[in-house]
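Chains, contacts and geometry: an overview
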Amino acid sequence: MVMVPRISRRVGFSPCVAAIAAAKISPNPTQHSVLVELKNSNVKIQQIAIIDLTGRVVGLHNIDNVNQTNIDLHHFENGIYLLKIITSEGIIIERIIKE
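Worth saying up front: this structure is predicted, and the values here are computed from it rather than measured. Once a new chain begins, its residue numbering starts again from 1 and follows that chain's sequence as written. Selection of residues for local features in this predicted model requires a pLDDT of at least 70, selection of side-chain atom pairs for listing and counting requires 80 or more, and totals for whole chains, interfaces and linings are taken over all residues. Note that water and hydrogens are dropped before the side-chain values are worked out from all heavy atoms of the structure.

Re the side chain of Asp52
Mapped onto the elements, Asp52 comes out in strand 3 (residues 45-52). A simple rule labels every residue: compare its accessible area, found with a 1.4 Å probe on the protein chains alone, to the largest value its type can have, and call it buried under 20%, exposed over 50%, or partly exposed in between. The exposure class of Asp52 is buried, given its relative accessible area of 11%. Of the polar contacts made by the side chain of Asp52, one reaches the side chain of Thr54; its length is 2.6 Å. What makes two residues a contact is simply this: any of their non-hydrogen atoms within 4.5 Å. Asp52 has contacts with Val58 and Tyr81, leaving out every residue within four places of it along the chain. Think of it this way: any DSSP run of H or I at least four residues long counts as a helix, any run of E at least two long counts as a strand, and we number them from the N terminus. The definition of a polar contact used here is a pair of N or O atoms within 3.5 Å, where within protein one atom must be able to donate a hydrogen and the other to accept one, and adjacent residues in sequence count solely through side-chain atom pairs.

Here it is as C-alpha cells:
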C-alpha cells in the first residue's frame, strides 16, 4: 500500500498560528490589488513580503499593526507569488495569482 501525503491549500505556517491568525486574501486571482485580512482581529499585521517562485523578494511592505491592508500589485508581472505575512503571533504564507 502506497501512502499519499495530504496536501493543504495553505503553503506554510505553524499549526498554532493557523488557529490564531488565519488570513483571507481577496480577490485571488487578482488583476490589480489584494485585500489581506486576518480573521482574528486581535492579531496584527506587521510586514508583508511578496516573493516570486524563484524565492526572490520582489516587494516589501511594513504595516502599522492593523488586521487588514490592501496590497497594490498592478506593477507586477502576471504569475504566481507568495505573500509572507508577518504578524504579531507568527508568520503566514499564502499563494496569490496575478493575472
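A short note on the sheet that holds strand 7 (residues 91-98)
With antiparallel pairing, four strands are arranged side by side in an open sheet as 4-3-6-7. Bordering the open sheet on either side are strand 4 (57-66) and strand 7, each of which pairs with just one other strand. Strand-to-strand twist in this sheet, taken as the mean axis angle between neighbours without regard to direction, amounts to 20°. Sheet topology places strand 6 (residues 79-87) next to strand 7; eight bridges connect them, and they run antiparallel. Within strand 7, the residue paired with Ile85 across the bridge is Ile92. Strand pairing is defined by DSSP finding a minimum of two bridges between the two strands. The axes are straight lines fitted to the C-alpha atoms, using for helices just the contacting stretch, and the angles between their N-to-C directions are given from 0 to 180°.

What about the environment of Gln68?
For Gln68, the location among the structural elements is in strand 5 (residues 68-72). Gln68 has contacts with Leu35, Val36, Glu37 and Ile45, leaving out every residue within four places of it along the chain.

Looking at the packing of aromatic side chains
The pairing test for Phe, Tyr and Trp rings, Trp by its six-membered ring, is centres within 6.5 Å, and the orientation test on the planes gives stacked under 30 degrees, edge-to-face over 60, and tilted for anything in between. Per the counting criterion, the structure on display carries one aromatic pair. Between Phe76 and Tyr81 the ring centres are 5.5 Å apart and the planes differ by 70°, which places this aromatic pair in the edge-to-face class. Residue Phe76 shares its accessibility class with Tyr81, and that shared class is buried.

Let's talk about the pairing of strand 4
Along any regular strand the residues' side chains alternate between the sheet's two faces. Across six bridges, strand 3 lies against strand 4 in antiparallel orientation. The residue of strand 4 that forms the bridge with Ile48 is His61. What sits between strand 3 and strand 4 in their antiparallel hairpin is a turn of four residues, with Gly55 showing a positive phi close to 95°.

Digging into the sheet that holds strand 5
With antiparallel pairing, three strands are arranged side by side in an open sheet as 1-2-5. Two strands bound the open sheet, and with one partner strand each, they are strand 1 (23-26) and strand 5. Here the strands of the sheet are splayed against their neighbours by 20° on average, with no regard to which way each runs. Where strand 2 (residues 33-38) and strand 5 come together, five bridges link them in antiparallel fashion. What sits directly across from Glu37, in strand 5, is Gln68.

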